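Remarks on the overall topology
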Amino acid sequence: PVNTADIVISEAGLGGAVATVNTLVYERDGSCTDGDCSIVDALDVVAAAGGGVVQFQAIASGNPSTITSDPAIGTPNISGNGAITIDATAVADGITFSGNNATPLLRLTGGVQCTADKVHFTEGHNPDTETSGGGGAVIARGATVTLRNGSVTQSTALDSGGGIDAVDSSIT
């Protein structure tokens, strides 16, 4: 089964939370105030506020801008009826979020609205045919997903939806 890290958004609409990712390390240490804020920690902060924006510290063109997931930490599972924006527009070439051909990158469920801007999802892989069904990069169940200025590439699933698998969801 896919290991997921549960993140629950409890309120509708954009909350006031803004978390700035300033490390490319994929970790969950539970804090964005300890000098580093990973993508997983930033998602946790925004979800705890009922929604908001995960943004990225500026990275100049040509510099590394890839975050590689860690199966031991799991796939962020964002659920609830709030809205979250993953905004990588401050990064010259955008952020590349890689599953390293080992894990899905996002699981969105329960009415969550997620917009990803300038995020490139790649090398996601969902090996699970029992619980999630598919979605190598993004698994959407009852969610609204908007991708702007980004891409979903080189992702596979043992079941359906190699890139994005959407059930009762809207994908734009």
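Residues numbered from 1 in each chain as written. Predicted model: local features only at pLDDT ≥ 70, side-chain atom pairs only at ≥ 80, totals over all residues. Heavy atoms only, no water.

Within the protein chain one finds 1 helix and 16 strands. Counting only residues that meet the buried cut, the protein chain has 48% of its 172 residues in that class. Contacts in the protein chain between residues at least 24 apart in sequence constitute 79% of all its contacts with a sequence separation of at least 6. Total accessible area computed for the protein chain in this model is approximately 7100 Å², and 47% of it derives from carbon and sulfur atoms. (Helix = DSSP H or I, 4+ residues; strand = E, 2+ residues; numbered from the N terminus. Buried < 20%, exposed > 50% of the residue type's maximum accessible area, 1.4 Å probe, protein only. Contact = heavy atoms within 4.5 Å. Areas by Shrake-Rupley, 256 points an atom, 1.4 Å probe, with all protein chains shown as cover.)

Further remarks concern the state of the cysteines. Taken as a whole and judged by the stated rule, the model has 1 disulfide. For Cys32, the disulfide goes to Cys37, at an S-S distance of 1.9 Å. Looking along the S-S bond of the Cys32-Cys37 disulfide, the torsion reads about 50 degrees, which is the right-handed sense. The partly exposed category is assigned to Cys32, whose relative accessible area is 26%. (Disulfide = S-S within 2.5 Å.)

One finds Ile39, Leu43, Val54, Phe56, Ile86, Leu108 and Phe121 to be the most contacted residues of the largest nonpolar core, which totals 34 residues. Ranked by the residues each element gives to this core, the list is headed by helix α1 (residues 39-48), at 5 residues. Look past the residues within four positions of Ile39 in its chain and what remains in contact with it is Val21, Tyr26, Val54, Phe56, Ile67 and Ile86. (Core = buried A, V, L, I, M, F, W, Y, C linked by side-chain atoms within 4.5 Å.)

Moving on: the sheet that holds strand β13 (residues 151-153). In space, the 4 strands of this open sheet follow the order β4-β6-β9-β13, with parallel pairing throughout. Strands at the two margins of the open sheet, each flanked by one partner only, are β4 (66-68) and β13. Each adjacent strand pair in this sheet contributes to an overall mean axis angle of 20 degrees, direction not counted. With 4 bridges connecting them, strand β6 (residues 95-98) and strand β9 (residues 119-122) associate as parallel partners. Looking across to β9, one finds that Thr96 is bridged to His120. (Pairing = 2+ DSSP bridges. Axes fitted to C-alpha atoms, helices over the stretch in contact; angles between N-to-C directions.)

Pairing analysis gives 3 bridges linking β9 to β13, with the strands arranged parallel. The residue bridging Phe121 from the neighbouring strand is Val152, located in β13.

Attention now moves to the pairing of strand β7 (residues 106-109). Every second residue of β7 is oriented toward a common face, with Leu106 and Leu108 on one face and Arg107 and Thr109 on the other, all of them buried. The sheet contact formed by strand β5 (residues 75-87) and β7 spans 3 bridges and is parallel. Looking at β7, one finds that Asn77 is bridged to Arg107. In terms of strand pairing, β7 meets strand β11 (residues 138-141) through 4 bridges, oriented parallel. Its bridge partner being in β11, Arg107 is matched across the sheet by Ile139.

In this fold, Ala48 is placed in helix α1. Ala48 sits in the exposed class, given a relative accessible area of 67%.

You will see that Asn101, though not glycine, has its phi angle at about 55 degrees, which is positive. By the secondary structure assignment, Asn101 is in the loop between β6 and β7.

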